[in-house]
Amino acid sequence: MVTDNSSGEMFCGNCGFVVSERIEELGPEWRAFSKEEHEDRSRAGIPTSLAMHDMGLATIIGPVDKDASGKPLSASMKSTIERLRTWDSRSQVHEPVDRNFRQAFSELDRLKDKLAVGDAVIEKAAYVYRKALEKGLVRGRSISALVAAALYAACRDTETPRTLKDIANASNIKKKDVARCYRLLIRELDLKMPVVDPVKCVARIASKAGLSEKTKRKALEILKKAEEGKISAGKDPMGLAAAALYVACVMNGENKTQKDVAEAAGVTEVTIRNRYKGLKTHLRL
Amino acid sequence: MPQTKPIVSIENVVASATVNQTVNLNLITQIFPDVEYHPDQFPGLVFRLRSPKTATLIFSSGKMVCTGAKSEKMAIQAVKNVVLKLKKGGIPLEHEPQIEIQNIVASASLGGKIHLELAARVLPRSMYEPEQFPGLIHRMLDPKTVILLFASGKLVCTGAKKESEVYRAVGNLHTLLEEKNLMIYEG
DNA sequence: AACTTACTTTAGAAAGC
DNA sequence: GCTTTAAAAAGTAAGTT
């Protein structure tokens, strides 16, 4: 359960349902749906359950720097919350909100299983989606695409290794569209995301390609040495991780071709070769 | 503090214009066989000039969009040239075109390499997504422009409506990057 | 492998779907 | 939102030779 101290409203961090009496006082057109309806839906199992309210994104929005479980908020959440405090929560006073929520959150629920992400990630995605809805970013746009983008944003923020391709495939939305909506969210909601860490990509590629633990460790060493210093800026983290793993395979005598690694990483062999050149020069291999 | 003055070059100027009267695009097509006009896919007729090398979109409303010029002056001259050619070709145009510069795209090179990762965290209104695009996207408020900054120290500035704004934007960014120690000067 | 060509991002206008 | 125009940056991709 998330409480926004600046407005006094409380909402479900999982499905975005606004619970506070204050909102309801504003009139029926301000409500997504009644508490009773929300509870009915919760019992039906689709959107969410109130039992999950103290998990994951449980956050107190206000001049505090800790979340509901007492852990400090990340800098990105703090800046986001700071901004949310000044928002006019009455920016979108429309009736189809109910329908919108239903569709958005059932889709999020569906994606949860397809992508096997945790509840905390889903809650964050719901949180981001609700903010996008409040700011009117959903009008004229595909709800599915925005839900997918919100989920990608949640994965990025929690450093959950899911690529744009993963989200695009699971949601049947073009990767380009998910990316465009994701950038819209970052821009309009002033979100700050950590840059994708190639180190996080290594584990994924290694397991997909069936590489050994030692090769994985070696790749991590290589990436560490190559250190974001100069050869990584502007390069696709997947390409960097793939090249590091390929080099590690060669060093450990693990018989894997560039094609094997490339396929597991979702990049081309040419890219691995290009990154390899950089690593070779930089590490003087 | 390695003072390297940014090298800026205007790459493209977009201007809109109007001749304040409707024009017959089909007639233009008959008189100028080289124009492209496919009303089913786009309402504008494409009129290309070799000098200044530009492409001007002409609409039946008499409004136009000229792209490709390398300076404000060239963009204005290009529009005038187009109008002059239309007149010479027999298109009855009674007024001089009203021209407005809408956007200027420029490329530039700062003196050294950039610490993009750090810049993404320090610069406000910036986004750096290497999986999607190699450059950092920075939205400057004054002048209101968008700058694509690359690790090489080269950049693209777009959104400016005056050439002076381009220089101001690049200068502002350069100063900001040096202040925050985001530049790496070396061989 | 190299080459070529092409697509990703940014801004902005035009008229219409 | 899309369609069309032009242009740069650097990375990645795909098709040929």
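Per an unreviewed UniProt entry, chain B carries the name TATA-box-binding protein and comes from Nitrososphaera gargensis. Its UniProt record, at the heading Function (unreviewed entry), says of chain B: "General factor that plays a role in the activation of archaeal genes transcribed by RNA polymerase. Binds specifically to the TATA box promoter element which lies close to the position of transcription initiation." If you open the UniProt record of chain B and go to Sequence similarities (unreviewed entry), you find "Belongs to the TBP family."

The name that an unreviewed UniProt entry assigns to chain A is Transcription initiation factor IIB, with the source organism given as Nitrososphaera gargensis. Recorded in UniProt under Sequence similarities (unreviewed entry), the annotation for chain A is "Belongs to the TFIIB family." Under the UniProt heading Function (unreviewed entry), the entry covering chain A gives this text: "Stabilizes TBP binding to an archaeal box-A promoter. Also responsible for recruiting RNA polymerase II to the pre-initiation complex (DNA-TBP-TFIIB)."

Caption draft 1: Spatial organisation of the pairing of strand S10 (residues 154–160) of chain B. Residues and elements named next belong to chain B. Two elements, strand S5 (residues 98–109) and S10, share 5 bridges in a ladder whose sense is antiparallel. Across the sheet, residue Ile 104 finds its bridge partner in S10, namely Ala 160. Relative to S10, strand S9 (residues 145–149) is paired through 4 bridges, and the arrangement is antiparallel. Opposite Val 146, over in S10, you have Thr 158 as the bridge partner. Turn length for the S9-S10 hairpin, with the two strands adjacent in sequence and antiparallel, is 4 residues, and the turn residue Gly 153 shows positive phi of about 95 degrees.

Caption draft 2: Structural detail: the interface of chain B and chain A. Listed as interface residues are 16 residues of chain B and, on the opposing side, 19 residues of chain A. Between chain B and chain A, the buried area comes to about 1,400 Å², and carbon and sulfur atoms account for 55% of it. Three residues, Met127(B), Glu131(B) and Gln132(B), lead the burial of chain B against chain A; their summed loss comes to 37% of the area buried on that side. Counting every contact that joins chain B to chain A gives 2 salt bridges. Elements with a contribution of two residues or more to the side of chain B that touches chain A: helix H3 (116–122) and strand S7 (126–128) of chain B.

Caption draft 3: Broad picture of the nonpolar core. Counting residues in hydrophobic clusters, the biggest one holds 47 residues, and the most contacted among them are Leu108(A), Tyr129(A), Leu151(A) and Leu185(A). Of all elements in the fold, only helix H4 (97–115), helix H5 (119–134), helix H6 (143–157), helix H7 (164–171) and helix H8 (175–188) of chain A reach the threshold of two or more residues within this core. Here this core gets 12 residues from one element, more than from any other, and that element is H6(A). Look past the residues within four positions of Leu151(A) in its chain and what remains in contact with it is Leu108(A), Leu111(A), Leu115(A), Val117(A), Val121(A), Ile122(A) and Ala125(A). Listed in part, the 34 residues of the second largest apolar core include Val8(B), Ala15(B), Leu116(B) and Ala169(B).

Calculation rules
Residues numbered from 1 in each chain as written. Chains lettered and ligands numbered in written order. Predicted model: local features only at pLDDT ≥ 70, side-chain atom pairs only at ≥ 80, totals over all residues. Heavy atoms only, no water. UniProt positions renumbered as here; feature names shortened; annotations may be inferred. Pairing = 2+ DSSP bridges. Helix = DSSP H or I, 4+ residues; strand = E, 2+ residues; numbered from the N terminus. Contact = heavy atoms within 4.5 Å. Buried area = accessible area lost by both parts, 1.4 Å probe. Salt bridge = Lys/Arg side-chain N within 4 Å of Asp/Glu carboxyl O. Core = buried A, V, L, I, M, F, W, Y, C linked by side-chain atoms within 4.5 Å. Buried < 20%, exposed > 50% of the residue type's maximum accessible area, 1.4 Å probe, protein only.

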